[in-house]
Amino acid sequence: MHADDVKNATKGLENDVSETRLPQQAYQIIRLAIRNLYLPPGKMILEREMAEGLQMSRTPVREALVRLQTEGLIEVIPRRGFIIKTIAKEDLQEIYEIVEALDGLAAEIVTTKISDKELEKLEDLVASQEETLHEKNLSEWARLDDKFHTDIITSAGNLRLSSVIETHADQIFRARLFTIENRPLPFRSIIEHKAILSCMRAQDKNAARMLMQSHRKRARNEILEAL
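Quick summary incoming for the structure in this document. (Residues numbered from 1 in each chain as written. Predicted model: local features only at pLDDT ≥ 70, side-chain atom pairs only at ≥ 80, totals over all residues. Heavy atoms only, no water.)

### Considering the packing of helix H6 (residues 116-134) against helix H9 (residues 187-201)
Between H6 and H9, the least distance of the axes is 10 Å, while the angle of their chain directions is 170°. One finds that H6 runs roughly antiparallel with respect to H9. Touching Asp116, Leu119, Glu120, Leu122, Glu123, Val126, Gln129, Glu130, Leu133 and His134 of H6 are Phe187, Ile190, His193, Lys194, Leu197, Met200 and Arg201, all from H9. In terms of residue class, the contact of H6 with H9 is made up of eight nonpolar, three polar and six charged. (Axes fitted to C-alpha atoms, helices over the stretch in contact; angles between N-to-C directions. Helix = DSSP H or I, 4+ residues; strand = E, 2+ residues; numbered from the N terminus. Parallel < 35°, antiparallel > 145°, perpendicular 65-115°, else oblique. Contact = heavy atoms within 4.5 Å. Nonpolar A, V, L, I, M, F, W, Y, C, P; charged D, E, K, R; others polar.)

So this is what it looks like as structure tokens:
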């Protein structure tokens, strides 16, 4: 991959990154490029090319790469560059086991305190998801699906819970995007999202938790089979 290719792969991602230190900027831009498959699994990239593409020196890029390696997204090759790690079934299985439990807990917590206005926003989000499926815009569906789950987690108001899930969010999103063309159109997810919101509106926290965990488990099985 040449510097121009890196620049094209990360083009526009600067808009998603706030003004921060250069290592943090490099980290966020590369992370988003990996998350959105602009830098696909198995791709080898030279550190020099990445630095040139980001128009930075190699020092902040190197700091960013060390951090991304600790998060399991890349493997650094000394004196060469780095490889985007493939999505391993075993890793994803473990991640989903954690997320299933915590997403269910978030749904239970949210059910006890969600407002009508917040519920309406989530219902509008699901309606938008349904529209994107009819348009077969799967990348936009994936983005909205991620937002649905993120909004519920945020509404739970538990920072530690959010932090743990956020640690694994990129891997889950990447796997969802990577396999989406090889899975059935996710109309079933729409039905399950609506059912979860119906439980929240009925203030049935146990049902909301069970449905969320079941929803995540089914999605996990589909993705693992597609991988």
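### Section: the packing of aromatic side chains
Applying the stated rule across the entire model yields zero aromatic pairs. Note that Arg35 overlies the ring of Phe173, its terminal NZ or CZ placed 4.2 Å from the centroid. Lying over the aromatic face of Tyr27, Arg67 brings its terminal NZ or CZ to 3.6 Å of the ring centre. (Phe/Tyr/Trp six-rings, centres within 6.5 Å; stacked < 30°, edge-to-face > 60°. Lys NZ or Arg CZ within 6 Å of the ring centre and 35° of its normal.)

### A few points about the side chain of Arg31
Positionally, Arg31 belongs in helix H2 (residues 22-35). Arg31 has contacts with Leu68, Leu73 and Asp170, leaving out every residue within four places of it along the chain.

### Looking at the sheet that holds strand E2 (residues 74-77)
The strand order E1-E3-E2 describes an open sheet built from three strands, whose pairing is antiparallel. Of all strands in the sheet, those bounded by a partner on one side alone are strand E1 (44-46) and E2. For this sheet the average axis-to-axis angle between neighbouring strands, irrespective of direction, equals 25°. With three bridges joining them, E1 and strand E3 (residues 81-84) adopt antiparallel strand pairing. The partner of Ile45 across the bridge, within E3, is Phe82. The strands that helix H3 (residues 47-54) touches are E1 and E3; relative to E1, the one it contacts most, it runs at about 70°. (Pairing = 2+ DSSP bridges.)

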